[in-house]
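# Structural description and commentary
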Amino acid sequence: MKFNLSSFFYLFLTLAMLFLLNTKIGPLPPLAKFLDPFNGFWQQAEPRQTATESTLNIKGLTGKVNIYFDENRIPHIEAENEEDLYFAQGFIVARDRLWQLDFQTRFAAGRLSEVIGEKAIDLDKYNRRMGMGVGARNMEAFVKKDRQMRMVLDAYTAGINAYISSLKPKDYPIEFKLLDYKPENWKPINSAYLLKLMSATLAAASNDFYLSNALSKFGPEVIKDLFPNYPFREDPIIPTGTTWDFDPVPVPKAPEDVSLTTTGIKLNPKEEGLGSNNWAMSGSKTSTGYPLLANDPHLEMTLPAIWYQNQLTAPGINVYGVTIPGSPGVIIGFNKDVAWGVTNVGSDVLDWYKITFKDDSKNEYLVGKEWKKVKKVVEVIKVRGQATISETVLYTHHGPIVYVEGEKPTAFAKSNNIPVGYALKWIAHQPSNDIKTFYELNRAKNHSDYKAALLHYVAPAQNFIFASKENDIAITPNGYFPLKWKGQGKFLLDGSNPAHEWQGRVPADQNPTVKNPQRGFVSSANQFSADTTYPYYLHWEYTGYERGARINRQLADMNKATVDDFRQLQNDNYSIHAENVKDVLIKNVNVSALNAREKKALAIIKDWTYRYDPKEISPSIFEWWHKRLASGIWEDEFSDAKNPMVIPSRDRTVQLLLTDDTAKWYDNIKTSAIETKGDIVTTTFKETIDSLFKTYGEISAKWEWGNVKGTNVAHLAKISGFGTKTLYTGGSKTSVNAISQTTGPSWKMIVSLGDKVEAYGLFPGGESGNPGSFYYDNMVENWAGGKLNSLYFYEKGKPDAKRIKQTISLISKK
Amino acid sequence: MLILIIIVSCFIAQSFLPWWIIAPVCLAASFFFSSSKKQAFWSGFAGIFILWLVKILSLSLPNEHLLANKVGQVFMLPAADNNWMVMIFVSSLIGGVVGGFSSLTGYSFRKNSLKQK
């Protein structure tokens, strides 16, 4: 008998094939598992047409919930009680954004390596070392003491988990299939992580080091001159002249010799603010006689979209607006009585404290005359395809010592601005009940409800703008502001000196606020909260005043304002910065030194009317020129490989250009000749035209700003093909329409209050997080075109059949 | 005949089980019903190729190939409106190859067991 061995050969071949096609290799997903039409990615190819009515039986509901989807597939959730409402919100957010929920939580918690392997290790270590876990745990514990908020968070969590448990592997969002992992159950702390992530995005910048370095090089006089505590030009959020109707608490006295210096730290300059705007106008200046309110928070834009729109209706609440997936309620929105919005406050809520250890064991550190115990926390990081990593982080009463000697990664950009051997004191570590602010705003009826809601809020500090049907408008830069001496935390601080610590907080009811100011409107654009009459020190630098000033100028000119006037202002590309410096720049160009191309470019920019419109060529020239000029003026003095420093602000540079013709800063100290203002302006102009020419050829349509800037919205995990194509948009950091390459208005909203509230809005994305859905990026086109969608807010009874395209009923499963 | 058995039984099995179930199903079907090496391989290959192709078309056509075009870029194809053709062909091909070799294995075991009798 002869047995044919080829059987086993074929069997082996088949098994090997199965194994290879079922295994994730490098960046590729397990091929056959991914391409299989029954369980792979094809299952996420959503049809354009969806069923109009369906019913789902869900465990965990107490009554019936109806979810109506409008033409943009925005859910309008109607529940019989609050618990069911938040349950259904969790359920439906998970249905649209499950992978985003998972990925962002993992990001914040330092757990990305578990699913994407070693390339995320530095990032995970960074987020752990920054104390994201401490912040989230503190927040969760604090929220849970509040019975009502605990109910909200628990119901929301149960809703997300009800959705997850209804899934089969074929239903997992495509990113799970690409990265080959499974969703895990949601926990209430995940919501805390996502809120802390907002602090990490908006309130974690720090210039403390470079300034310390600059101080040691140039001395206090120069630093005072170049880095003043209040800018040359400003238009503060709380209008100048507003009186403060409270008795301020005593402010701590500045100790002598507060400055510390540091060396050998390589720093990235703090990025200028992202560019959010909001404003509200009293009925006395609007066409309807009722207030109008607008808000466009700017962030690094991603797909799936940062925000999620929904309407939440139950007895006691009927609110419409956007939420961050993972956080219950509505964060920016309106109800029939009020509307509110937020922009970021750049207050100083992050400081660094030099730690003095007793000895090399690093078990004790000095505070005053005492030695305190260091707490050692072990962070365990699981890594896909590798051994688990353990990291010990040293904690002081200030916060974590992010890196001690030898712990800082050399090639990880995010950690560049972290001084070695310093403890981090950061607002994000504070216990807080921020979701209660939104819970109460969602139900607010008037200005006093708004005031009360704001008191719970800690971080990241926001300019809360408000308008009510009762014709009140208000704005409050709001959050936990540490009580500081003037300039405290501008430089690095000494952790062993108790006088350097935060001395409590500015009483929450003394945060700057204004209600119904004379001028008939309120606004904010990340600039200074208040002028120098405000009794507390919040920070020495904020985003430049130009956007705020433009908004205020336009609003002051408006009468009988309409929604469309507000829409145009949101899309306004005018730059007050260009208005401020264009003439002085052109005047200082030495025309005789220019070639033909440069002369042509100069003629073009001469006629420019300061608008960063996409079809204009001048903004491309101006933008490159003024940046080059700023670095030309400062970098010869301020760039020092051993002692990196920050260069003075745009505001200070403008002041120099406008008021000083002979400053020593114009001279390039690296050449033997003495350069003048005219020399540096001319040289940088020539360089600008030269680099535009080298990149885009002769002056042509290729030089247009829309093309040179090139905006696009990338996928959250930068998966190619899942982002948008390049969008042709205008705007700049100094225009109200502050769209840059990757940042921009992540939500645009305009609300017209009155007997019947009318609202408009959209974001650069869509409701669905599924790249295979027609609702993944369906709002991008209108967004890029500066248009708004009409928002459907239904008040009672049956919703309008013309607006509702699909209905899902959730029924309790017995 | 074999091809029909493969299509029907794999369709049923795949509705409940992961993709690799096509291998044991094709193997078993060929073990019992194949008549030649060639017939076994091509029935397995064409059976799964057709099953997957039809299933994919039923999902991707109503989606207007929106997702397939994007996923093409994940696999390094340039941004284009016809990536879906490549994606559909490659997906069906991979299914077909697994089906073909599984059937071939089934046939060769059949031949062995016949010889042994």
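Cut-off values and rules
Residues numbered from 1 in each chain as written. Chains lettered and ligands numbered in written order. Predicted model: local features only at pLDDT ≥ 70, side-chain atom pairs only at ≥ 80, totals over all residues. Heavy atoms only, no water. Helix = DSSP H or I, 4+ residues; strand = E, 2+ residues; numbered from the N terminus. Buried < 20%, exposed > 50% of the residue type's maximum accessible area, 1.4 Å probe, protein only. Contact = heavy atoms within 4.5 Å. Areas by Shrake-Rupley, 256 points an atom, 1.4 Å probe, with all protein chains shown as cover. Lys, Arg positive; Asp, Glu negative; His and termini not counted. Charge placed at Lys NZ, Arg CZ, Asp CG, Glu CD. Expected span 1.5 Å × (residues − 1). Buried area = accessible area lost by both parts, 1.4 Å probe. Salt bridge = Lys/Arg side-chain N within 4 Å of Asp/Glu carboxyl O. Polar contact = N/O pair within 3.5 Å; in protein donor to acceptor, adjacent residues only side chain to side chain. Domains from an automatic or database assignment. Pairing = 2+ DSSP bridges. Axes fitted to C-alpha atoms, helices over the stretch in contact; angles between N-to-C directions. Core = buried A, V, L, I, M, F, W, Y, C linked by side-chain atoms within 4.5 Å. Phe/Tyr/Trp six-rings, centres within 6.5 Å; stacked < 30°, edge-to-face > 60°. Lys NZ or Arg CZ within 6 Å of the ring centre and 35° of its normal.

Turning our eyes to something else, we now look at the overall build of chain A. Within chain A, the regular secondary structure consists of 21 helices and 29 strands. Each of the three principal axes of chain A carries a C-alpha extent, and together these read 95 × 75 × 65 Å. The proportion of buried residues among the 814 residues of chain A is 62%. Partitioning the contacts of chain A with sequence separation of at least 6, the portion at a separation of at least 24 is 72%. Entry remark: accessible area of chain A is about 31,500 Å², with carbon and sulfur atoms responsible for 52%. Of the charged side chains in chain A, 96 are positive and 90 negative, and the gap between their average positions amounts to 5 Å.

Moving on, we come to helix H19 (residues 677-696) of chain A. Residues and elements named next belong to chain A. Compared with an ideal rise of 1.5 Å per residue, which puts 20 residues at 28 Å, H19 spans 28 Å between its outermost C-alpha atoms and is within 8% of the ideal. Inspection of H19 places Lys677, Ile680, Val681, Thr682, Thr684, Phe685, Thr688, Ile689, Ser691, Leu692 and Tyr696 among the buried residues, and these make up the whole buried set. Buried residues belonging to H19 abut helix H15 (576-587), helix H16 (596-606), helix H17 (618-638), helix H18 (650-659) and helix H20 (705-709). Positioned one or two residues after H19, glycine 697 has a phi angle of 80°, which is positive.

Attention now moves to the interface of chain B and chain A. Each partner contributes residues to the interface: chain B has 44 residues there, and chain A has 46 residues. Summing both partners gives a buried area of about 3,800 Å² for chain B against chain A, and 73% of it is carried by carbon and sulfur. Between chain B and chain A we count 1 salt bridge in total. Taken together, the connections running from chain B to chain A amount to 16 residue pairs in polar contact (both at pLDDT 80 or more). Taken together, the elements giving at least two residues each to the side of chain B that touches chain A come down to helix H1 (2-14), helix H2 (22-33), helix H3 (37-60), helix H4 (66-74) and helix H5 (83-116) of chain B.

Right, let's talk about the domain arrangement of chain A for a bit. When the domains of chain A are assigned, the result is domain 1 (25-201) and domain 2 (576-709). Between the C-alpha centres of domain 1 of chain A and domain 2 of chain A the distance comes to 47 Å.

All names here are of chain A. The 6 strands are arranged E23-E4-E5-E26-E27-E28 in an open sheet whose pairing can be described as antiparallel. Looking at the sheet topology across the chains shown, the edges are occupied by strand E23 (521-524) and strand E28 (789-791). Going from strand to strand, the sheet's axes swing by 15° on average, the running direction of each strand aside. Two strands pair when backbone bridges link them, and strand E5 (residues 292-296) and strand E26 (residues 748-752) are joined in this way by 4 bridges, in the antiparallel orientation. Its bridge partner lying in E26, asparagine 295 is registered against methionine 749. Along the sheet, helix H13 (residues 546-557) contacts strand E4 (277-281) and E23; its crossing angle with E23, the most-contacted strand, is approximately 160°.

In this section: the pattern of salt bridges. Residue and element names in this part refer to chain A. Taken as a whole and assessed by the stated rule, the structure comprises 35 salt bridges over all chains. In this structure, glutamate 114 engages arginine 111 in a salt bridge whose closest nitrogen and oxygen atoms are separated by 2.8 Å. We classify glutamate 114 as partly exposed; its relative accessible area is 22%. Where glutamate 546 meets arginine 650, a salt bridge forms, and the shortest distance between an N and an O atom there is 2.8 Å. Of the two residues, glutamate 546 is situated in helix H13 and arginine 650 in helix H18; the sequence distance between them amounts to 104 residues. Accessibility assignment for this pair places glutamate 546 and arginine 650 in one class, buried. It is possible to trace a salt-bridge network through shared partners that takes in Asp102, Arg106, Arg111, Glu114 and Glu184.

Now for the environment of asparagine 229 of chain A. All names here are of chain A. By the element assignment, asparagine 229 lies in the loop between helix H10 (208-226) and E4. Along the chain, asparagine 229 and lysine 486 lie 257 residues apart, while their C-alpha atoms are 8.6 Å from each other. If near-sequence neighbours (up to four positions away) are discounted, asparagine 229 is found in contact with Lys486, Lys490, Phe528, His539 and Trp540. A polar side-chain atom of asparagine 229 sits 2.8 Å from a polar atom in the side chain of lysine 490.

It is worth spelling out the pairing of E4 of chain A at this point. Residues and elements named next belong to chain A. Among the 5 residues that make up E4, 5 are buried, leaving the element largely enclosed by the rest of the structure. Going residue by residue along E4, you find Asn277, Trp279 and Met281 tucked away on one face and Asn278 and Ala280 tucked away on the opposite face as well. The pairing of E4 with E5 spans 5 bridges and is classified as antiparallel. Paired with tryptophan 279 across the strands is alanine 294, a residue of E5. Bridge count between E4 and E23: 4 bridges; the pairing is antiparallel. Bridging across to E23, tryptophan 279 finds its partner in serine 523.

Residues and elements named next belong to chain A. Within helix H5 (residues 121-129), 7 of the 9 residues are buried, which leaves the element mostly enclosed by the surrounding structure. All of the buried residues along H5 are Ile121, Leu123, Asp124, Tyr126, Asn127, Arg128 and Arg129. Each element contacted by the buried residues of H5 is listed here: helix H3 (82-109), helix H4 (113-116), helix H6 (132-144), strand E15 (375-381), strand E16 (389-395) and strand E17 (400-401).

This part is about the pairing of strand E27 (residues 758-762) of chain A. Residue and element names in this part refer to chain A. By the bridge criterion, 5 bridges tie E26 to E27 in an arrangement that is antiparallel. Its bridge partner lying in E27, isoleucine 750 is registered against tyrosine 760. In this antiparallel pair of consecutive strands, E26 and E27, the connection spans 5 residues, and glycine 754 shows a positive phi of 150°. Here 3 bridges tie E27 to E28, and the two strands are oriented antiparallel to one another. Among the inter-strand pairings, tyrosine 760 is bridged to a residue of E28, identified as serine 790.

Let's shift gears to the environment of leucine 629 of chain A. Residue and element names in this part refer to chain A. Summarising the element assignment, leucine 629 is placed in helix H17. For leucine 629, a relative accessible area of 2% puts it in the buried group. Leucine 629 sits 380 residues away from valine 249 along the chain, and the two C-alpha atoms are 44 Å apart. With near-sequence residues (within four places) excluded, leucine 629 lies in contact with Leu585, Leu657, Ile680, Val681 and Thr684.

Residues and elements named next belong to chain A. The biggest cluster of nonpolar side chains holds 218 residues, and the ones touching the most others in it are Trp307, Phe334 and Phe566. Here the element with the most residues in this core is H3; it accounts for 14 residues. Apart from the residues within four sequence positions on either side, tryptophan 307 is in contact with Arg97, Pro297, Leu299, Val322, Thr323, Ile324, Ile331, Ile332, Ser746, Trp747 and Phe763.

Residues and elements named next belong to chain A. Going from leucine 303 to proline 304, the amide bond is cis rather than trans, its omega being -5°. Within the secondary structure, proline 304 is located in the loop between strand E7 (302-303) and strand E8 (308-314). With omega at -10°, the peptide bond leading from alanine 459 into proline 460 counts as cis. Within the secondary structure, proline 460 is located in the loop between helix H12 (447-454) and strand E19 (462-468). The residue lysine 362 is not glycine, and still its phi comes out positive at about 55°. Locating lysine 362 in the fold gives a position in the loop between strand E12 (350-354) and strand E13 (364-367). We note that asparagine 516 has phi near 45°; this positive angle belongs to a residue other than glycine.

Take the packing of aromatic side chains next. Residues and elements named next belong to chain A. Scanning the model with the defined rule gives 50 aromatic pairs over all chains in all. Between phenylalanine 9 and tyrosine 10, the aromatic rings sit 5.7 Å apart at their centres with planes inclined by 55°, giving tilted as the arrangement. Aromatic pair tyrosine 450 and phenylalanine 466: ring centres 4.4 Å apart, planes at 25°, arrangement stacked. Here phenylalanine 466 lies in strand E19 and tyrosine 450 lies in helix H12, a separation of 16 residues in the sequence. The buried category is assigned to phenylalanine 466, whose relative accessible area is 0%. An aromatic cluster is defined as three or more aromatic residues linked by ring pairs; in this entry it consists of Phe218, Phe227, Trp540, Trp634, Phe638 and Trp665. Residue placement shows arginine 443 over the ring face of tyrosine 439; its charged tip is 3.6 Å from the ring centre. Above the ring of phenylalanine 693, the side-chain terminus of arginine 597 is found at 3.6 Å from the ring centroid.

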